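# Fold and geometry: a report
So the chains spell out like this:
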Amino acid sequence: MKTSANLFGGLDLLSSAVVILDTDGRITYANAAAEHLFETSVRALANQRLDALFLNGEHLTEVFHEAVQHRFADKRLDLTLERAGRESLQVHVIVTALDSPDTPVLIELRENVQQLKLDREERLLDQSQANKELIRNLAHEIKNPLGGIRGAAQLLEFELPERDAKELREYTQVIIKEADRLQTLVDRLLAPHRRPHIVGDVNIHEVCERVRSLIVAEFPHGLTIKRDYDLSVPEFRGDKEQLIQAVLNIAHNAAQALSERIKNGDAVLTLQTRVARQVTLAKVRYRLALDLHIIDNGPGIPPEIQDRIFYPLVSGTEGGSGLGLTLAQTFVQQHMGVIECESRPGCTDFRILIPLP
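Residues numbered from 1 in each chain as written. Predicted model: local features only at pLDDT ≥ 70, side-chain atom pairs only at ≥ 80, totals over all residues. Heavy atoms only, no water.

### Section: the overall build of the protein
Definition in use: Think of it this way: any DSSP run of H or I at least four residues long counts as a helix, any run of E at least two long counts as a strand, and we number them from the N terminus. Type-normalised accessible area, obtained with a 1.4 Å probe on protein chains alone, sets the label of each residue: buried when under 20%, exposed when over 50%, and partly exposed for intermediate values. Contacts are assigned to residue pairs with any non-hydrogen atoms lying within 4.5 Å of each other. For every accessible area listed, the method is Shrake-Rupley and the probe measures 1.4 Å; residues are considered covered only by the protein chains on display.
In terms of regular secondary structure, the protein is built from ten helices and twelve strands. Taken over 357 residues, the protein has a buried fraction of 43%. In the protein, the share of contacts with a sequence separation of at least 24, taken over all contacts with a separation of at least 6, comes to 62%. Roughly 19,800 Å² of accessible area belongs to the protein as shown, and the carbon and sulfur atoms make up 51% of that amount.

### Examining the pattern of salt bridges
The line we're drawing: The working definition used for a salt bridge is a side-chain nitrogen of Lys or Arg within 4 Å of a carboxyl oxygen of Asp or Glu.
Scanning the entire structure with this criterion turns up 14 salt bridges. The closest approach of N and O atoms between Lys240 and Glu206, which form a salt bridge, is 3.1 Å. Note that Lys240 is positioned in helix H8 (residues 240-257) and Glu206 in helix H7 (residues 204-218), a separation of 34 residues in sequence. Residue Lys240 is classed as partly exposed on the basis of its relative accessible area of 32%. Across the salt bridge formed by Arg351 and Asp291, the nearest N and O atoms sit 2.8 Å from each other. With a gap of 60 residues between them, Arg351 in strand E12 (residues 347-355) and Asp291 in strand E10 (residues 284-296) connect regions that are remote in the sequence.

### Some thoughts on the confidence of the model for the protein
Operational definition: Per-residue confidence from the prediction method is given by pLDDT, with values spanning 0 to 100.
The predicted model of the protein averages 83 in pLDDT, with 84% of residues at 70 or higher. Contacts for the low-pLDDT stretch residues 1-5, under 50 throughout, to residues beyond four places or in other chains number ten contacts.

### Description of the nonpolar core
Inclusion rule: To define a nonpolar core, start from buried Ala, Val, Leu, Ile, Met, Phe, Trp, Tyr and Cys residues and group those joined through side-chain atoms within 4.5 Å.
The biggest cluster of nonpolar side chains holds 44 residues, and the ones touching the most others in it are Ile215, Leu223, Ile294, Phe350 and Ile352. Every element with two or more residues in this core is listed here: H7, strand E7 (223-228), H8, strand E9 (267-281), E10, helix H10 (324-333) and E12. Here this core takes nine residues from H8, the largest share from any one element. Contacts of Ile215, omitting those with residues within four sequence positions, involve Leu223, Ile225, Leu248, Ala251, His252, Ala255 and Leu269.

### A word on empty space enclosed by the protein
Definition in use: Residues are said to line a cavity or pocket when one of their atoms sits within 4 Å of a point; the points come from a 1 Å grid over protein atoms alone, cavities being sets where a 1.4 Å probe fits but cannot get out and pockets being open sets with protein on both sides within 12 Å along at least five of seven lines. Grid points are joined across faces, edges and corners, and a volume is the space filled by probe spheres set on the points. Each residue gets one of three labels, nonpolar for Ala, Val, Leu, Ile, Met, Phe, Trp, Tyr, Cys and Pro, charged for Asp, Glu, Lys and Arg, and polar for the others, Gly among them.
Using the criterion set out here, one finds two cavities of 30 Å³ or more in the structure. In this structure, the second largest cavity encloses a volume near 70 Å³. Residue lining of the second largest cavity: Leu21, Asp24, Gly25, Arg49, Leu50, Asp51, Leu60, Thr61, Phe64 and Ile107, and that is the complete set. For the lining of the second largest cavity, the per-class residue count stands at five nonpolar, two polar and three charged.

Encoded structure:
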């Protein structure tokens, strides 16, 4: 590996993973990007068979033998490489036959980020549709008996004996208040399906400014809200009130997550707008799209719920209803858009993409 490293050191400058194999298919050289892609050190990769790194490595074995036999100069293919205990790799593979008897094959692997993104969006849309049906059915099932429970509690309160009314009314009030609380929750669950979609011209910066004023009113001290606007973003047709609610739900969650930093006075929430070009949303290609980021410098979303944050009733804050992000995703999807999220300690970035005219 040391000699190979000297010969091929320039390959470390590439962003794509490169491995060079000997006649037995063992790795004689791997660049830094390969180390990162395989999540294994160069030392550990040395002299390993490339196909042994994956559960379905026979695909690589086949093209390796074809390259050794010089059936092609180079060959390109897309593969899903399965790994034990880790996520599969979606990669575009370029196999090149070399004129070297000791190292006859060079393989370049590029992670297929676009395919990963499409798969993630498809899963998100399917889950969102299932969530909508579940929420609608569940909300109606809860709503119907709630009125009866509340009404029965009120009638019971009227019938209480005068001598015990004061003491027993405490219990009937618990029933009434809890019924009202559940009613509010049900109304929030049904809100996206009840509210009419009022379409008009939307200026996204007016939306952001409205959200900013509401957040500042609730968190007047310790929180800095930065605005990084691209004023060239055009207006588009949409429901302004729905988008205000979507952005507000995300920004409010971010502000709540920043509670410790707000106490220290160094909490930062950033609203950033850009225009994205050639964007694919729900398998449809758009020339232009709104690219809105809501970024905070908080502790990040707990890893155990990062894949489920848009599911209903999943919350990362104590006492949260777990509906804010679900409703936000629903409102954005009604605009043919999507919400994505990347989170790590110190930076959580919610990205809203909506097609532009």
